[in-house]
Amino acid sequence: MPVERRSIECSRVLVLAPHSDDEVISAGGVLALHQRAGSAVRVLCVSSDSKASPETLEARRMVEARTVAEFLGHELVFLEFPDGSLSLCERQLALEVRKHIDQFAPSIILVPFPGDHHRDHQAVAAACARALDDTEFEGEFWCYEVWSTLWPNCVVDIDAVVQVKRQAISLYAAATGEMPYADAVIGLNRYRGLKLQIPHAEAFFVSRKNQFVRLVAALNSI
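A quick note: this is a predicted structure, and the numbers were derived from the prediction, not measured. (Residues numbered from 1 in each chain as written. Predicted model: local features only at pLDDT ≥ 70, side-chain atom pairs only at ≥ 80, totals over all residues. Heavy atoms only, no water.)

Caption draft 1: Layout of the nonpolar core. Ranked by size, the top nonpolar core spans 39 residues in total, and within it Val15, Val24, Leu72, Leu110, Trp142, Val156 and Phe204 carry the most contacts. Sort the elements by how many residues they give to this core and helix α1 (residues 22-37) lands first, with seven residues. Once residues lying within four places of it in the same chain are set aside, the contact partners of valine 156 are Arg6, Ile8, Val30, Leu33, Trp142, His200, Ala201, Glu202 and Phe204. Counting residues in hydrophobic clusters, the runner-up holds 34 residues, among them Leu86, Ala127, Ala131 and Val216. (Core = buried A, V, L, I, M, F, W, Y, C linked by side-chain atoms within 4.5 Å. Buried < 20%, exposed > 50% of the residue type's maximum accessible area, 1.4 Å probe, protein only. Helix = DSSP H or I, 4+ residues; strand = E, 2+ residues; numbered from the N terminus. Contact = heavy atoms within 4.5 Å.)

Listed below in structure tokens is the structure:
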């Protein structure tokens with residue numbers, strides 16, 4: 001599969017993040033580049049709980065997500081679906097995603113790769129595909145990687161903003177205090193850049209609507 005090197009241009013970008021921090025672990029460099037390009041970016045944090053006690057991990061992650069949104073300059077929306085059970089909410093989630101596609105009119109949707117090795121991530125991709133029924137969206141889907149690697153057909157040079165990405169990840173202290181996410185994913189970004197001789201790159205599987213829907217259906221059938 002040929003791998004295309006892409007540059008970031010001013011766009012309207014809708015990001016589907018199953019959990020707060022997925023957006024920066026997967027695509028923090030691209031989001032930083034969109035900030036520099038003047039793009040309008042809306043991040044949907046799918047799993048959250050505004051009623052959680054302030055001392056809980058969930059409540060801390062919501063506070064940190066707002067800090068990251070301010071740092072990277074994007075709009076943040078909490079959808080408040082249950083963490084760990086998104087596969088049980090695909091129909092309702094699809095309705096929410098469809099609403100934001102209609103309202104925000106993105107030209108690019110960032111979404112987990114349908115085969116990412118996390119049940120919630122797979123559910124968000126499936127809900128996104130379901131949301132496309134009868135929609136007029138004709139933009140691109142940029143499938144990103146978090147817990148497993150994907151089949152890249154696109155890479156973006158993020159070397160100019162790799163330290164911005166590292167800082168954005170570090171702002172999620174509740175999660176990164178337990179696991180060295182920044183070191184791990186920036187190592188992956190270094191590896192992704194080797195083939196095209198880029199110091200750091202983020203990799204994506206970019207597709208149009210029909211291909212994305214077919215991919216979700218094929219992986220769901222396995």
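So, next bit.
Caption draft 2: Spotlight on the sheet that holds strand β5 (residues 108-112). Spatially, β1-β7-β8-β6-β5-β2-β3-β4 is the arrangement adopted by the eight strands of the open sheet, whose pairing is mixed. Bordering the open sheet on either side are β1 (4-6) and β4 (75-81), each of which pairs with just one other strand. Pairs of neighbouring strands in the sheet enclose a mean axial angle of 30°, with direction left out of account. One ladder, built from five bridges, connects strand β3 (residues 40-47) with β4; its direction is parallel. Following the sheet pairing, leucine 44 is matched in β4 by valine 77. Relative to the sheet, helix α2 (residues 57-72) contacts β3 and β4, its axis offset from that of β4 by approximately 160°. (Pairing = 2+ DSSP bridges. Axes fitted to C-alpha atoms, helices over the stretch in contact; angles between N-to-C directions.)

Caption draft 3: Summary view of the packing of aromatic side chains. This structure, assessed with the given rule, holds six aromatic pairs. On the numbers, 5.2 Å between centres and 75° between planes, the contact of phenylalanine 113 with tryptophan 151 is edge-to-face. Of this pair, phenylalanine 113 sits in the loop between β5 and α4 (119-131) while tryptophan 151 sits in the loop between β6 (140-144) and β7 (154-157); the two residues are 38 residues apart in sequence, bridging distant segments of the chain. Classification of phenylalanine 113 by relative accessible area gives buried; the value is 4%. With a centroid separation of 4.5 Å and 5° between ring planes, the pair formed by phenylalanine 141 and phenylalanine 212 is classed as stacked. (Phe/Tyr/Trp six-rings, centres within 6.5 Å; stacked < 30°, edge-to-face > 60°.)

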